[in-house]
Structure formats: structure tokens, C-alpha cells
Amino acid sequence: MKDFDIHVKGATKVTLFGTDNDTICVPSFAKIDTDRSKGDIDINVEGEVCLGIPSDSEHIELGVKDAKIILTNLHFENLEIDAKGSVTIDADDISGKLDINLADSVADLNLPSDFSFRTKTEGKNNRLNNDRTEDQASANIIEFNGKNSVLNIR
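Residues numbered from 1 in each chain as written. Predicted model: local features only at pLDDT ≥ 70, side-chain atom pairs only at ≥ 80, totals over all residues. Heavy atoms only, no water.

Chemist: Tell me about the pattern of salt bridges, and name the residues and values.
Modeler: Going through the model one piece at a time under the given rule, you end up with five salt bridges. One salt bridge connects Lys 68 with Asp 90, and the closest N-O pair in it is separated by 3.2 Å. The salt bridge partner of Lys 120 is Glu 122, with a shortest N-O separation of 3.8 Å. Given a relative accessible area of 40%, Lys 120 falls into the partly exposed group. (Salt bridge = Lys/Arg side-chain N within 4 Å of Asp/Glu carboxyl O. Buried < 20%, exposed > 50% of the residue type's maximum accessible area, 1.4 Å probe, protein only.)

Chemist: Please give an account of the environment of Lys 147 that cites residues and values.
Modeler: Tracing the sequence through the fold places Lys 147 in strand E8 (residues 141–147). In this structure the C-alpha to C-alpha distance between Lys 147 and Asn 125, which are 22 residues apart in sequence, comes to 5.8 Å. Sequence-distant contacts of Lys 147, that is, excluding residues within four places in its chain, are made with Leu 102, Ala 103, Asp 104, Lys 124 and Asn 126. (Helix = DSSP H or I, 4+ residues; strand = E, 2+ residues; numbered from the N terminus. Contact = heavy atoms within 4.5 Å.)

Chemist: Give a description of the side chain of Ser 149 that names residues and reports values.
Modeler: Along the polypeptide, Ser 149 turns up in the loop between E8 and strand E9 (150–153). When its relative accessible area of 2% is taken as the criterion, Ser 149 is described as buried. Look past the residues within four positions of Ser 149 in its chain and what remains in contact with it is Leu 102, Ala 103, Asp 104, Ser 105, Asn 125, Asn 126, Arg 127 and Phe 144.

Chemist: An account of the packing of aromatic side chains is needed here, citing residue identities and associated values.
Modeler: In the structure shown here, the tally under the stated rule is one aromatic pair. Between the aromatic rings of Phe 115 and Phe 117, the centroid separation amounts to 6.0 Å while the plane-to-plane angle is 20°, which identifies the pairing as stacked. Residue classification places Phe 115 among the buried positions, given a relative accessible area of 13%. (Phe/Tyr/Trp six-rings, centres within 6.5 Å; stacked < 30°, edge-to-face > 60°.)

Chemist: Just give me the short version of the pairing of strand E3 (residues 38–54), but keep the residues and values in it.
Modeler: Pairing of strand E1 (residues 3–19) with E3 involves 15 bridges; the strand directions are parallel. By the bridge assignment, Ile 6 is partnered in E3 with Ile 41. Pairing of strand E2 (residues 31–34) with E3 involves four bridges; the strand directions are antiparallel. What sits directly across from Lys 31, in E3, is Asp 42. (Pairing = 2+ DSSP bridges.)

Chemist: Tell me about the nonpolar core, and please be specific about residues and values.
Modeler: It is characteristic of soluble globular proteins that their nonpolar side chains tend to be buried jointly. In this structure, Ile 6, Val 8, Leu 71 and Leu 109 are the most contacted members of the largest nonpolar core, which totals 40 residues. Listing elements by their share of this core, those giving two or more residues are E1, E3, strand E4 (56–65), strand E5 (68–110), E8 and E9. With 16 residues, the top contributor of residues to this core is E5. Setting aside residues up to four positions removed in sequence, Leu 71 forms contacts with Leu 16, Leu 79, Ile 81, Ile 89, Asp 90, Ala 91, Asp 92 and Ile 94. (Core = buried A, V, L, I, M, F, W, Y, C linked by side-chain atoms within 4.5 Å.)

Chemist: I'd like a rundown of the side chain of Asn 140, residues and numbers included.
Modeler: By the secondary structure assignment, Asn 140 is in the loop between strand E7 (127–130) and E8. A polar side-chain atom of Asn 140 sits 2.9 Å from the main-chain amide nitrogen of Gly 96. With residues up to four places along the chain from it excluded, the contact list for Asn 140 reads Ser 95, Gly 96, Phe 115, Ser 116, Phe 117 and Arg 118. (Polar contact = N/O pair within 3.5 Å; in protein donor to acceptor, adjacent residues only side chain to side chain.)

Here it is as C-alpha cells:
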């Protein structure tokens, strides 16, 4: 399984990490629906949640609202974060295309100082504030989509 559709409701902190042994780690109360190629994971919890998926995944979709997201040890073709409200994303040891989709929201994306990336902005009335230097040849793409939103990259 290399594709994951993860929806988290109620959590204030979501940690998504890559596992090195091709395992999936989810809380015991998670609802999981899987087939050979895709896993749907639904979680409804107050507070914090930790999830582990294979570190080399193809497509990951993560839906959250008003949460801090921690991403670590993940290498993907595409990681799509669909978020509402106020969101902070701390990313370490990631690679691939990161799509951040916001509607009437603000997100802060914190990246390691040596992380090479380039950006692309789509949508309506979005503002991207980037304090970092971009590398137009980088394979790591941060695409900001949505409406009436702000993404701050630090």
C-alpha cells in the first residue's frame, strides 16, 4: 500500500512519520479501510495523534482543522494537506511535492535550513510569504492552493 487518505477531526497536534519497515501505525480507535493499493484512515480525537506510514509512499492526503502538523521521515510523490483554520506545519526529512490547500485560513510552514525547494501559488486571493531562498532546479515543490489564505514559509 502506497496511497493514504487520512482525515483527522478534533486533534490539535498531528504527527505523521515514516516507518522504515513498511508498517502502518495508527491509534486503536482509528477507522481503517484498506485495499491492496490504498488506505483510508479516519480519526476523531481530542488532543494529539501519531500516525506512521511507510516512509516511501506515493500519494498522501491529510485533512485537518486548526492543528499543528509534524512531518518527519517521509518521501513521497505527492503529499496533499487540506487544512482549515490556523495551521502550523513542521517538516523535517521530507522530499517530494507538497500541496497545501487552504480556504480562508493561515498556515506557517517551518522547514530545515538546508531544505531545497521551489514554490508555486494557485487559487484566488492567496498570499505566499517566503523568507527563504528558492532553488528553481529543486525536485521539492511546495504548491499553495486555495482561496483567501496566507502561507508563511520559514
